[in-house]
Amino acid sequence: MSENTPIRPSFPQTGHDHGVCVETALARAEELCRERGARLTETRRHVLELIWRSHEPVGAYALLESLRHTKRRAAAPTVYRALDFLMAQGLIHRIESLNAYVGCDHPGDTAHGPFLLCTSCGQAFELMDGDLDAAVEEGASKVGFAVSDRTVELSGICPRCRLAGLSDDEAEGGEAGDEAAPADSPEPFTAPSPAETPSRLLVEVDGVTVDFAGNKVLGGVSLAVREGEIVTLIGPNGAGKTTLVQVILGLLRPSRGSVFRAPGLRLGYMPQRLELDRALPLPVSHFLALGGPASRDAMWRVLDEVGAPHLLDRPMAGLSGGELRRVLLARALLRNPDLLVLDEPVQGVDVVGQADLYRLISQVRNRHGCGVLMVSHDLHVVMSATDRVVCLNNHVCCSGHPEAVSRHPEYLALFGPQVAGDMAVYTHHHDHSHDMHGDVLPPGSENSAGNEPGKAAPHDHG
Amino acid sequence: MIMDDLILRMALGGLGVALVAGPLGVFVVWRRMAYFGAALAHSALLGVALGLFFEVNMVFAVLAVALAVALILSAFEDSPVLSTDTVLGILAHGSLALGLVVVTFMEGDPQLDLEAILFGNILAVSQEDILLIYGGGAAVLGVMAMIWRPLLSLTVHPELARVEGVAVERVRLVFLLLLAFMVALAVKIVGLLLLVSLLIIPAASARSFVRTPGGMVVLATVLGCVSVGAGLWGAFVFHMPSGPSIVLAAMALFGLSIFASRVAK
C-alpha cells in the first residue's frame, strides 16, 4: 500500500467498517516503527488502538479511564509517556482546543492539514489539501513569518450531521460509546455567548465604597458578572482592583454599597501570590486536597484539564511561575465553581506563557460555562480572551467591549497612548489597535479614540 | 523501688510532652510563631506564682494565664497600628516582669524554686502531673486532628482558605489555645526559658527528610521523643536540670540531621 493513502476517507460513510480502519492504522504504525527502529511497546500500541477505536478525539483522562477497565492497567505517567511517543512518531495528533488526541490518517507524512471539528457529532477530520498548506505557508512567509507549527483547527458541522438535520437524534454518534469521555465532561464549544441568551446573574456589586484609614480606595463602584462571561478588571497599581475582588469574594466588607451573590454560588479563587514557608513540605496533590476532599482521580482529571498532569506528585516549592498558576487554577476548578475569580492570573509568567494561560482560561469557560472575573495589568494581552473590560481607577472609568475600552479617552489618559502602543507590540491576535501606531492611521485621525468599535478608520494590512 | 518509680515517672512525663510537641511544633515552624510560643512560655512564670499564691495545681494556674495571654494576643492580631511582633514583645515581657514581681513578694516560700521554673525539674513531676499530661495531651491531639485540614489550609493561604469556607479566625484561635495548653503541660519538664525549643528543634531537624506535612509531623514527633529520652538520661546521670539536657540532645540530633542531609546529597 502506498505511503500517502489516507487510512480512512475524510468523511467516512455511516456504514464503513471501523474495525478495518483500526486494523489498518495499527498495521501501518507497526510497519513505520519497525522501519524507524522505534519501540512500539504493548502499552503504546494499546493507547494507539484506543485512540483509533474512538470515533471522537479522546482526552488523556478518558484513556486512563478505559485502561482502568482492562488488564493492561497502566500508571498515568506511563500513558502520558506513550502519548508523547505516539505524537513524536506522528501516529497521533493533539487537538489543542479539545485537549484530546486523534489518530493520524497518514502516518509517515510529516505535514498535517487543518482539523475539522464537528460540534454536532464531536468527530475530528483531517483535511488533506496540499494547495491549502502551500497557501498558508506562502501567506506567512510573505510577511516574513517563519512557521514552526501549522496546526489549524476549524470547528463547524460535518456533511453527515448537516444532512441528518442536526436534530437531537444521535443515532449515528451513539456507536462511539465505548471510549466516550466521562459523562460529566460537558460538550465543548457549547457555551452560549452572553449576547445571545440572558444568563444567570452570579455576582453584582452596587455603589461599593471602601475606605482604608480615611483613604478612599473604591468610590461608588458597580459591576456585575453573569454565567458564561469573562469580565476583566484593568487599572494601574493602586486602582483598587484587588480590593474590589476581595469585596466580591466576601473577604472585605465595603464601607458603603451592596453586594449580591447568587444563592448557593460556588466560588473558585486563584490568588495573586502564594508564599509557602520553606519548612512546609507540600506536594501538589496535598495542596489540591486542602480545598476539600478530592480523590486522586479527580485531581488527575483537573490537572489534565489545565495541562499539568505530570505535576501531581511534585513539591509545590519547585514549581515554575506558569506551573504554579496552573496548579492554582486546578485547585479552583476542583470546587466545580460557578464563578472563577482570578487575581492577576499570569503574574510571574513570560509572554508566551501568558497567551497560553489566557487561552486556557477561555477554554475552561467554554467547557464549564462558568463566569470568570479576572484582574489584569494590561488590556492588550487579555483582549482576545475577554468579553467585557472594566477599567478601574478607584472608580469605574469606562467599561464595555475590549476594543471600545482600548480607545476610550479615559483609558488612554490613564495608561497613555505611548504605554498602550508599547503593549500592542506583543499582540498579534487583535486587529484594531492600529490607531495607536501613528504610521497606520492617516494623519489627523488621532482623535478617533472615542469612536464606536467597528468604525475604525480603514487601514491597509499590507 | 522508689528509684524505679521515679525513672518511670520521668520517662512517661517527658514522652507525653514530646508526643504533644510534635504536631504543634511543626505548625509553630510553618506559621513562624516561635516568638509567639516564647511569649506564652514567659507568661508561665506569672502562672506558677499565682498558683502557689492561690494554692492550686501549677498546671491549671499556668494554663489560666497562658489562655489569657493567647486571647489578648488574638484580640490584637488584626490591629491596624501595631504589628503582632510588637504586641508579642509587650505581652511577653510584661507578663514576665509581673511574674518576677509576684515571685519576689513570695520569697521564702519553700515550694518556690525559681530555677526549676526557668529550666525545668523533672524530678518534681508528680503522679497527678502525669495524669494531667496524658489526659490534656490526648485532648490537645484530638482537637489537632479535627482542625488539621483547615489549619494547614489557612497556613498555606488564609484568603484562599476563607473563600473555600474555612472559619479562619476560629481555627486560628483554637490553635493558640492548644499552644497555651502545651505550655502548661510542658513547663515543669523543660522550663519556661527553653520550652519553645522543644517545639521547634525537632521540626527543623525533620524537614530535610520528609515530603509531606504528615510525614513531617511523624518524624518531628519521633525526634522529639528521642531528644527527651536522651536528655532525661543525661539529666539523671549527670545531675543536670532536665530542660537544658533535653534541648542539648535535640541540638545534637539537629546537627546530625544537617550532616545526614548533606551526605544524602
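Quick caveat: nothing in here was measured; it's all calculated off a predicted structure.

> Quick question: what am I supposed to make of helix 2 (residues 34–54) of chain B here?
Helical geometry note: an α-helix holds 3.6 residues per turn, so side chains three or four residues apart project in the same direction. All names here are of chain B. The end-to-end C-alpha distance of helix 2 is 31 Å, a good match for the 30 Å that 21 residues give at a rise of 1.5 Å each. Across the 21 residues of helix 2, 16 count as buried, placing the element largely inside the fold. Once helix 2 ends, the next one or two residues include Glu55, with phi positive near 55 degrees.

> Would you mind showing me how to read the nonpolar core here?
As a rule of thumb, nonpolar side chains are buried together in soluble globular proteins. Residues Phe287 of chain A together with Leu24 and Phe175 of chain B are the most contacted members of the largest nonpolar core, which totals 196 residues. By residue number, the principal contributor to this core is helix 8 (residues 168–190) of chain B, which donates 15 residues. No fewer than three residues from each of domain 1 (18–128 + 150–177) and domain 2 (201–266 + 337–436) of chain A sit in this core. Setting aside residues no more than four positions away along its own chain, Phe175 of chain B makes contact with Leu24, Phe27, Val28, Arg31, Met33, Met144, Ile147 and Leu151 of chain B. One finds Ile95, Ala100, Val102 and Leu117 of chain A within the second-largest nonpolar core, a separate group that totals seven residues.

> Help me understand the side chain of Gln354 of chain A, please; the structure alone is not making it clear to me.
Residues and elements named next belong to chain A. Its place among the elements puts Gln354 in helix 11 (residues 351–368). Judged by its relative accessible area of 15%, Gln354 is buried. Gln354 has contacts with Val346, Val349 and Val381, leaving out every residue within four places of it along the chain.

> What exactly am I supposed to notice about the sheet that holds strand 3 (residues 115–118) of chain A here?
Paired through backbone hydrogen bonds, the strands of a sheet run either parallel or antiparallel to each other. All names here are of chain A. Reading across from one edge, 4-3-5 is the order of the three strands in this open sheet, with mixed pairing throughout. At either end of the open sheet lies a strand with only one pairing partner, and these are strand 4 (124–126) and strand 5 (153–156). The sheet shows a mean angle of 25 degrees between the axes of neighbouring strands, direction not considered. Relative to strand 4, strand 3 is paired through three bridges, and the arrangement is antiparallel. Following the sheet pairing, Leu117 is matched in strand 4 by Ala124.

> How should I be thinking about unusual backbone geometry in this particular structure?
What you tend to see is this: most non-glycine residues have negative phi, and most peptide bonds are trans. In this structure, Glu344 of chain A takes a positive phi of about 50 degrees despite not being glycine. Mapped onto the elements of the fold, Glu344 of chain A is located in the loop between strand 11 (339–343) and helix 11.

> Where do I start with the interface of chain A and chain B in this structure?
Interface size is commonly expressed as the accessible surface area that is lost when the partners come together. Contact with chain A, which involves 28 residues of that partner, is made by 19 residues of chain B. Summed over both sides, the interface between chain A and chain B buries roughly 2200 Å², with carbon and sulfur atoms accounting for 62% of that surface. Across the contact surface, chain A and chain B share two salt bridges. Where Glu164 of chain B meets Arg331 of chain A, a salt bridge forms, and the shortest distance between an N and an O atom there is 2.7 Å. Where chain A meets chain B, there are ten residue pairs in polar contact (both at pLDDT 80 or more). Looking at the side of chain A that touches chain B, the elements with two or more residues in it are helix 7 (241–249), strand 10 (267–270) and helix 8 (284–289) of chain A. Tallied by class, the residues present in the side of chain A that touches chain B amount to 17 nonpolar, four polar and seven charged.

> Got a minute to help me understand the pattern of salt bridges in this structure?
Once the charged atoms of two side chains with opposite charge are near each other, the side chains can pair. All names here are of chain A. Taken as a whole and judged by the stated rule, the model has 15 salt bridges over all chains. The partner of Glu227 in a salt bridge is Arg200, and the shortest N-O contact between them spans 3.6 Å. Here Glu227 is found in the loop between strand 7 (215–226) and strand 8 (230–234), whereas its partner Arg200 is found in the loop between helix 6 (159–163) and strand 6 (201–212), with 27 residues between them in sequence. Assessed through its relative accessible area of 29%, Glu227 is described here as partly exposed.

> What's the story with the packing of helix 2 of chain B against helix 3 (residues 58–76) of chain B in this structure? I'm lost.
Geometrically, a packed helix pair is captured by the angle between its two axes and the distance between the axes. Residue and element names in this part refer to chain B. At a closest axis distance of 7 Å, the pairing of helix 2 and helix 3 adopts a crossing angle of 135 degrees. For the element pair helix 2 / helix 3, the angle class is oblique. Crossing angle aside, the handedness with which helix 2 passes helix 3 is right-handed. Side by side, helix 2 and helix 3 meet where Phe36, Leu40, Ser43, Ala44, Leu46, Gly47, Val48, Leu50 and Gly51 of the first sit next to Met58, Ala61, Val62, Val65, Ala66, Val69, Ala70 and Leu73 of the second. Residues that form the contact of helix 2 with helix 3 fall into these classes: 14 nonpolar, three polar and no charged.

> Would you mind going over the environment of Arg39 of chain A with me for this structure?
Residue and element names in this part refer to chain A. Tracing the backbone through its elements, the reader meets Arg39 in the loop between helix 1 (18–36) and helix 2 (42–53). The class of Arg39 is exposed, set by a relative accessible area of 61%. Along the primary structure Arg39 and Phe85 are separated by 46 residues, whereas in three dimensions their C-alpha atoms are 9.4 Å apart. Once residues within four sequence positions are removed from consideration, Arg39 is found in contact with Arg44 and Phe85.

> Would you mind showing me how to read the packing of aromatic side chains here?
Aromatic ring pairs are defined here through the distance separating the ring centres and the angle between the ring planes. Residue and element names in this part refer to chain B. Taken as a whole and assessed by the stated rule, the structure comprises six aromatic pairs over all chains. Between Phe53 and Phe54 the ring centres are 5.1 Å apart and the planes differ by 90 degrees, which places this aromatic pair in the edge-to-face class. Across the pair, Phe54 and Phe53 agree in class, each one exposed. Ring geometry for Trp233 against Phe238: centres 6.1 Å apart, planes inclined by 90 degrees, an arrangement best described as edge-to-face. For the residue pair Trp233 and Phe238, the accessibility class agrees, reading exposed in each case. A network of ring pairs unites the aromatic residues Phe27, Trp30, Trp148 and Phe175 as a single cluster.

> Help me understand the confidence of the model for chain A in this model?
As a general rule, the predicted coordinates of low-pLDDT regions are not to be interpreted in detail. All names here are of chain A. Considering every residue of chain A, the mean pLDDT works out to 76; 75% of them sit at 70 or more. Confidence, expressed as mean pLDDT per element, reaches its minimum in chain A at helix 14 (residues 409–424) with 63 and its maximum at helix 8 with 95. Low pLDDT, under 50, characterises residues 166–195; the predicted model gives this stretch 35 contacts beyond four residues in sequence or across chains. Throughout residues 421–462 the model reports pLDDT below 50, and contacts reaching past four residues in sequence, or to other chains, amount to 49 contacts.

> Explain the sheet that holds strand 6 of chain A to me, please; I cannot follow it from the model alone.
Residue and element names in this part refer to chain A. The strand order 7-6-9 describes an open sheet built from three strands, whose pairing is antiparallel. Lying at the two open borders of the sheet, with one neighbouring strand each, are strand 7 and strand 9 (256–261). Within the sheet, the average angular offset between the axes of one strand and its neighbour, ignoring direction, is 15 degrees. Summarising the sheet, strand 6 and strand 9 pair through five bridges and their orientation is antiparallel.

> Would you take a moment to explain the pairing of strand 12 (residues 371–376) of chain A for this structure?
Each regular strand displays side chains that alternate between the two surfaces of the sheet. Residues and elements named next belong to chain A. Counting buried positions along strand 12 gives six out of six residues, so the element sits mostly inside the fold. In terms of strand pairing, strand 8 meets strand 12 through five bridges, oriented parallel. Note on strand 12: the bridge partner recorded for Ile234 is Ser376. Direction of pairing for strand 11 relative to strand 12: parallel, over a ladder of five bridges. Residue pairing for strand 12: Asp343 is matched across the bridge by Val375. At this point the chain moves from strand 11, through helix 11, to the parallel strand 12, and the crossover so formed is right-handed.

About the thresholds
- Residues numbered from 1 in each chain as written.
- Chains lettered and ligands numbered in written order.
- Predicted model: local features only at pLDDT ≥ 70, side-chain atom pairs only at ≥ 80, totals over all residues.
- Heavy atoms only, no water.
- Helix = DSSP H or I, 4+ residues; strand = E, 2+ residues; numbered from the N terminus.
- Expected span 1.5 Å × (residues − 1).
- Buried < 20%, exposed > 50% of the residue type's maximum accessible area, 1.4 Å probe, protein only.
- Core = buried A, V, L, I, M, F, W, Y, C linked by side-chain atoms within 4.5 Å.
- Domains from an automatic or database assignment.
- Contact = heavy atoms within 4.5 Å.
- Pairing = 2+ DSSP bridges.
- Axes fitted to C-alpha atoms, helices over the stretch in contact; angles between N-to-C directions.
- Buried area = accessible area lost by both parts, 1.4 Å probe.
- Salt bridge = Lys/Arg side-chain N within 4 Å of Asp/Glu carboxyl O.
- Polar contact = N/O pair within 3.5 Å; in protein donor to acceptor, adjacent residues only side chain to side chain.
- Nonpolar A, V, L, I, M, F, W, Y, C, P; charged D, E, K, R; others polar.
- Parallel < 35°, antiparallel > 145°, perpendicular 65-115°, else oblique.
- Left-handed = near helix turned anticlockwise from the far one by under 90°.
- Phe/Tyr/Trp six-rings, centres within 6.5 Å; stacked < 30°, edge-to-face > 60°.
- pLDDT = per-residue confidence, 0-100.
- Right-handed = clockwise from strand over helix to strand, strands pointing away.

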